[in-house]
Amino acid sequence: MIAGMYEQDFIAYFIFGIILNFVFSILFGIYLSKNIGMQEMVESKGEKEQSSLIAISLFIPYAKMIITLYRVAVLQFYFLNKGKTHKEFWIYMTHEE
């Protein structure tokens, strides 16, 4: 048993979490590209690397999906509700500051 679950159940949750991560990440990417524009995103992208903790979180079921939903919440509450643009969010996410 792993974490109180049988191995096959744990692997099923793990795979479902990875699939949900990719679905949310793709939908969030499509949303941003529709609001900013693909060309503008490419031109304004910075060189900021993700932390190693985010890369490791892919191996924890649902952790990466929760991080993506956290980014959506930051976009909505901190940027859009305060009158900032999607492009300002993109710059915040991709540039070292």
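That block above? That's the structure.
As a starting point, this report considers the structure included with it. From a predicted model like this one, the values you see are computed outputs, not experimental measurements.

Cut-offs applied
- Residues numbered from 1 in each chain as written.
- Predicted model: local features only at pLDDT ≥ 70, side-chain atom pairs only at ≥ 80, totals over all residues.
- Heavy atoms only, no water.
- Core = buried A, V, L, I, M, F, W, Y, C linked by side-chain atoms within 4.5 Å.
- Buried < 20%, exposed > 50% of the residue type's maximum accessible area, 1.4 Å probe, protein only.
- Helix = DSSP H or I, 4+ residues; strand = E, 2+ residues; numbered from the N terminus.
- Contact = heavy atoms within 4.5 Å.
- 1 Å grid on protein atoms, 1.4 Å probe; cavity = no way out; pocket = protein on both sides within 12 Å on 5 of 7 lines; lining within 4 Å.
- Points joined across faces, edges and corners; volume = space filled by probe spheres on them.
- Nonpolar A, V, L, I, M, F, W, Y, C, P; charged D, E, K, R; others polar.
- Axes fitted to C-alpha atoms, helices over the stretch in contact; angles between N-to-C directions.
- Parallel < 35°, antiparallel > 145°, perpendicular 65-115°, else oblique.
- Left-handed = near helix turned anticlockwise from the far one by under 90°.
- Patch = residues over 30% accessible without salt bridge, like charges linked within 9 Å, V, L, I, M, F, W, Y side chains within 5 Å.
- Areas by Shrake-Rupley, 256 points an atom, 1.4 Å probe, with all protein chains shown as cover.
- Salt bridge = Lys/Arg side-chain N within 4 Å of Asp/Glu carboxyl O.
- Phe/Tyr/Trp six-rings, centres within 6.5 Å; stacked < 30°, edge-to-face > 60°.

### Some points on the nonpolar core
Consideration 1: Grouped together as the largest cluster of nonpolar side chains are nine residues: Phe28, Leu32, Ile36, Met41, Val74, Leu75, Phe79, Phe89 and Trp90.
Consideration 2: Of all the secondary structure elements, the ones that give two or more residues to this core are helix 1 (7-36), helix 4 (63-80) and helix 5 (86-94).
Consideration 3: Sequence-distant contacts of Phe79, that is, excluding residues within four places in its chain, are made with Val74, Lys84, Thr85, Glu88, Phe89 and Tyr92.

### Description of the layout of surface pockets
One simple way to see leftover space: roll a probe sized like a water molecule over the atoms.
Consideration 1: Reported here for the largest pocket is a volume of approximately 680 Å³.
Consideration 2: Forming the walls of the largest pocket are 23 residues, and the residues nearest its centre are Phe28, Gln50, Arg71, Trp90 and Met93.
Consideration 3: Secondary-structure elements contributing two or more residues to the lining of the largest pocket are helix 1, helix 4 and helix 5.
Consideration 4: Classifying every residue of the lining of the largest pocket gives eleven nonpolar, seven polar and five charged.

### Here's the deal with the packing of helix 4 against helix 5
Consideration 1: With their axes 10 Å apart at the nearest point, helix 4 and helix 5 run at an angle of 125° to one another. In terms of their interaxial angle, helix 4 and helix 5 are classed as oblique. The chirality of how helix 4 crosses helix 5 is right-handed. Residues Arg71, Val74, Leu75, Phe79 and Leu80 of helix 4 lie in contact with helix 5, whose contacting residues are His86, Glu88, Phe89, Tyr92 and Met93.

### Let's talk about a nonpolar patch on the surface
Consideration 1: Judged by side-chain polarity, Ile11, Ile15, Ile19, Phe22, Val23, Ile26, Leu27 and Ile30 come together as a nonpolar surface patch covering roughly 740 Å² of accessible area.
Consideration 2: Within the secondary structure, Ile15 is located in helix 1.
Consideration 3: Relative accessible area serves as the criterion here: at 44%, Ile15 is assigned to the partly exposed category.

### Some details on the packing of aromatic side chains
Consideration 1: Summed over all chains, the structure comprises four aromatic pairs.
Consideration 2: Each ring, one from Phe28 and one from Phe89, has its centre 6.0 Å from the other, and the planes form 70°; the classification is edge-to-face. Of this pair, Phe28 sits in helix 1 while Phe89 sits in helix 5, placing them 61 residues apart in sequence.
Consideration 3: In this structure Phe28 comes out as buried when scored by relative accessible area, which is 13%.
Consideration 4: Taking the relative accessible area as the measure of exposure, Phe89 reaches 0% and is therefore buried.

### What to know about the pattern of salt bridges
Consideration 1: Under the definition given, this model contains one salt bridge.
Consideration 2: Between Lys87 and Glu40 there is a salt bridge, with its nearest N and O atoms 2.4 Å apart. Of this pair, Lys87 sits in helix 5 while Glu40 sits in helix 2 (residues 38-44), and the two are 47 residues apart along the sequence.
Consideration 3: A residue is classified by how much of its surface remains accessible, and Lys87, at 34% relative accessible area, is partly exposed.
Consideration 4: Given the relative accessible area of 28%, Glu40 is considered partly exposed.

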